[in-house]
Amino acid sequence: MVLCGKNKLKETIKEYLSPVMGKEILDLGEDLTKSTKMKLIGNYFITGVLAMLSEGLTLGEKSGLGEQAVVDFLESFFPNTSFGVYAKRMIEDSFVIDESKGGKALFSTTLASKDLKHIQRLGHEYGVPTEVTNIMRDRVDKSIERFGPNYDMSSVVAVVR
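The model shown is predicted, which means the values in this text are computed figures rather than measured ones.

J.: Go over the packing of helix α5 (residues 109-126) against helix α6 (residues 131-147) with me, naming the residues and quoting the values.
T.: Between α5 and α6, the least distance of the axes is 9 Å, while the angle of their chain directions is 150°. Comparing their axes, α6 and α5 come out roughly antiparallel. Taken as a pair, α5 and α6 cross one another with a handedness that is left-handed. In contact with T109, T110, A112, S113, L116, K117, I119 and Q120 of α5, α6 contributes T133, N134, M136, R137, V140, D141, S143 and I144. Here the contact of α5 with α6 is built from residues that sort into 6 nonpolar, 7 polar and 3 charged.

J.: Which residues make up the packing of aromatic side chains, and what values do they have?
T.: If you walk through the whole model with that rule in mind, you get 4 aromatic pairs. Taken together, a centroid distance of 5.7 Å and an interplanar angle of 70° make the contact between Y44 and F45 edge-to-face. With 4.7 Å between their ring centres and 35° between their planes, F78 and F83 make a pair best called tilted.

J.: If you had to explain the side chain of K10 to someone new, which residues and values would you point to?
T.: Secondary-structure assignment places K10 in helix α1 (residues 7-17). Among the residues examined, K10 registers a relative accessible area of 3% and is labelled buried. A distance of 2.6 Å separates a polar atom in the side chain of K10 from a polar atom in the side chain of D27. Excluding residues within four positions of it along the chain, K10 makes contact with L3, C4, G5, D27, G29 and E30.

Definitions and cut-offs
- Residues numbered from 1 in each chain as written.
- Predicted model: local features only at pLDDT ≥ 70, side-chain atom pairs only at ≥ 80, totals over all residues.
- Heavy atoms only, no water.
- Axes fitted to C-alpha atoms, helices over the stretch in contact; angles between N-to-C directions.
- Helix = DSSP H or I, 4+ residues; strand = E, 2+ residues; numbered from the N terminus.
- Parallel < 35°, antiparallel > 145°, perpendicular 65-115°, else oblique.
- Left-handed = near helix turned anticlockwise from the far one by under 90°.
- Contact = heavy atoms within 4.5 Å.
- Nonpolar A, V, L, I, M, F, W, Y, C, P; charged D, E, K, R; others polar.
- Phe/Tyr/Trp six-rings, centres within 6.5 Å; stacked < 30°, edge-to-face > 60°.
- Buried < 20%, exposed > 50% of the residue type's maximum accessible area, 1.4 Å probe, protein only.
- Polar contact = N/O pair within 3.5 Å; in protein donor to acceptor, adjacent residues only side chain to side chain.

Next comes the structure, spelled out in structure tokens:
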């Protein structure tokens, strides 16, 4: 959990946040703009992971190893992480979300597209290249064109396949 804001107010609410909402609290100080930057950088890492997974799973399948072998590797070397969760969604093609049955995207393509634009802007503002973000924005936009706006971002695997 990330907190920004006036120290007195943060102290008042901390006991209600940890451990209820998260294990750890990362206090970024009083500058409120830091929370938005941290959110975007966090989503940068999530989208980067999805870029690697979509390529790695496709490479595993096309090279004859099979997608499941890649998932087994990920779960062995990176246990209890989002690698396994997203990889399973990708190999099961369960990125199709039926909202009428209560389904919900972990990270929808619509929200991802918006955040990817903001990440590109942040990178440009600070002179940092965001090549992975450029690749993912293209893939997310292609996924939205192909499937519509309410799919889980793991649908980028279909663009790579």
